[in-house]
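Below are the chains, spelled out letter by letter.
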Amino acid sequence: MTPPPRYLSRACSVICALMPIVTLYFGQIDVSVTSAAFVVAMALLLQRGNPRFAQLSSTMFGLFYCGYLPCFWVKLRCGLAVPALNTRVGRVWPLLLGGQTQWTVGLVATLISISSIIAADTFAFVGGKAFGRTPLTAISPKKTWEGVAAGLGGCIATSVLLSRIFSWPPSYLSAIAFGILNFFGSLFGDLTESMIKRDAGVKDSGSLIPGHGGILDRTDSYIFTGALAYSFVKTFLPLYGV
């Protein structure tokens with residue numbers, strides 16, 4: 001596969017980094033994504049030599065994967081400004097972090113979602129090391145069904161526990177559903193990044209973080225989860241009155 005020109009890859013990296021900031025200040029990202037995709041497509045089509053569809057498709061996917069999807073974390077945190085329940089945690093939320101006025105559904109949902117992802121990764125790693133016997137997929141040979149089961153259990157338990165502490169979401173059923181959604185978003189993001197690296201023939205996505213690889217190696221579990229969490233809170237919970 002012919003990679004896109006280096007100058008275009010660097011431009012896409014800058015665009016992807018700016019997308020969450022644009023979302024934070026303007027609330028919407030659709031126009032920015034469409035405009036960026038148009039400019040990138042024109043740059044590819046007008047380059048010297050013979051443009052290839054692989055260059056276009058991989059670049060567009062990069063804009064979507066590394067730019068558009070992370071914007072949903074901004075929309076989850078800042079776009080759901082409905083005040084959360086007046087719990088003890090909310091009343092003592094530090095003034096340094098905005099005080100009680102910042103104790104919103106968006107903040108609570110973000111805290112639960114991020115904590116659930118951390119728990120999923122931790123439990124999956126420990127469970128896989130201790131009990132892992134059955135490989136999950138050839139894309140990521142180290143992952144096992146036993147590790148997946150342990151990660152799912154840890155993710156649901158964390159979601160339910162924090163929902164009781166934060167008094168949101170109000171029902172056990174919605175907290176369990178939120179935990180399951182966070183887990184599968186995390187797993188899908190991890191496997192997607194493994195597939196990309198396997199196809200590119202590399203072990204890590206980069207070398208920026210010594211001993212860990214690139215930034216994407218540390219954040220792959222969060223790529224899809226923000227969009228799923230935002231959709232769940234924005235659409236599913238109001239739809240069923242929970």
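Conventions we followed
Residues numbered from 1 in each chain as written. Predicted model: local features only at pLDDT ≥ 70, side-chain atom pairs only at ≥ 80, totals over all residues. Heavy atoms only, no water. Helix = DSSP H or I, 4+ residues; strand = E, 2+ residues; numbered from the N terminus. Rg over C-alpha atoms; globule rule 2.2 N^0.38 Å. Buried < 20%, exposed > 50% of the residue type's maximum accessible area, 1.4 Å probe, protein only. Contact = heavy atoms within 4.5 Å. Patch = residues over 30% accessible without salt bridge, like charges linked within 9 Å, V, L, I, M, F, W, Y side chains within 5 Å. Areas by Shrake-Rupley, 256 points an atom, 1.4 Å probe, with all protein chains shown as cover. Salt bridge = Lys/Arg side-chain N within 4 Å of Asp/Glu carboxyl O. Core = buried A, V, L, I, M, F, W, Y, C linked by side-chain atoms within 4.5 Å. Axes fitted to C-alpha atoms, helices over the stretch in contact; angles between N-to-C directions. Parallel < 35°, antiparallel > 145°, perpendicular 65-115°, else oblique. Left-handed = near helix turned anticlockwise from the far one by under 90°. Phe/Tyr/Trp six-rings, centres within 6.5 Å; stacked < 30°, edge-to-face > 60°.

The protein chain goes by Phosphatidate cytidylyltransferase in an unreviewed UniProt entry, where it is assigned to Rhododendron griersonianum.

1. Comments concerning the overall build of the protein chain
Helix and strand content of the protein chain: 10 helices and 2 strands. Ordered by position in the sequence, the α and β elements of the protein chain form the string α-α-α-α-α-α-β-β-α-α-α-α. Taking 18 Å as the expected radius of gyration for a compact globule of 242 residues, we find that the protein chain reaches 20 Å, a close match to that expectation. Dimensions of the protein chain, computed from C-alpha atoms along their principal axes, come out at roughly 65 × 50 × 35 Å. Going through the 242 residues of the protein chain one by one, you find that 41% of them count as buried. Restricting the contact set of the protein chain to residue pairs at least 6 apart, pairs at least 24 apart contribute 65%.

2. Here we look at a nonpolar patch on the surface
Residues Val14, Leu18, Ile21, Leu24, Tyr25 and Phe26 make up a contiguous nonpolar surface patch of roughly 690 Å² in combined accessible area. For leucine 24, the position within the fold is in helix α1 (residues 6-26). Under the relative-accessibility criterion, leucine 24 is labelled partly exposed at 46%.

3. Examining the nonpolar core
Leu76, Trp168, Phe178 and Val233 are the most contacted members of the largest nonpolar core, which has 41 residues in total. Mapped onto this core, the elements with two or more residues apiece are α1, α2 (30-45), α3 (53-68), α4 (71-79), α6 (105-131), α7 (145-166) and α10 (225-239). Other than its neighbours up to four places away in sequence, phenylalanine 178 contacts Ala109, Ile112, Ser113, Ser159, Trp168, Ala229, Phe232 and Val233. Formed by 7 residues, the second largest nonpolar core is a distinct cluster that contains Leu136, Cys155, Phe183 and Leu187.

4. Some details on the packing of α2 against α3
Interhelical geometry of α2 versus α3 gives an angle of 155° and a closest axis separation of 10 Å. Classified by the angle their axes make, α2 and α3 are roughly antiparallel. Relative to α3, the crossing made by α2 is right-handed. Every residue of α3 that contacts α2 at Asp30, Val33, Ala36, Ala37, Val40, Ala41 and Leu44 is listed here: Gln55, Leu56, Thr59, Met60, Leu63 and Tyr68.

5. Comments concerning the packing of aromatic side chains
For the coordinates displayed, the defined rule picks out 13 aromatic pairs. An angle of 20° between the planes, with centres 5.3 Å apart, marks the rings of phenylalanine 178 and phenylalanine 232 as stacked. Remark: phenylalanine 232 occurs in helix α10 and phenylalanine 178 occurs in helix α8 (residues 172-200); sequence separation between them is 54 residues. In terms of burial, phenylalanine 178 and phenylalanine 232 fall into one category: buried. An aromatic cluster is defined as three or more aromatic residues linked by ring pairs; in this entry it consists of Phe61, Tyr65, Phe188 and Phe224.

6. Details of the pattern of salt bridges
Summed over all chains, the structure comprises 3 salt bridges. Between lysine 197 and glutamate 193 there is a salt bridge whose closest N-O contact spans 3.6 Å. With a gap of 4 residues between them, lysine 197 and glutamate 193 both fall in helix α8, about one helical turn apart. Like glutamate 193, lysine 197 is buried. Ionic pairing is found between aspartate 217 and lysine 197, a salt bridge with its closest N-O pair at 2.9 Å. Here aspartate 217, found in helix α9 (residues 215-219), pairs with lysine 197, found in helix α8; they are 20 residues apart in sequence, far enough to count as distant. On the basis of relative accessible area, aspartate 217 is assigned to the buried category, the value being 8%. A network of salt bridges, in which partner residues are shared, links Glu193, Lys197 and Asp217.

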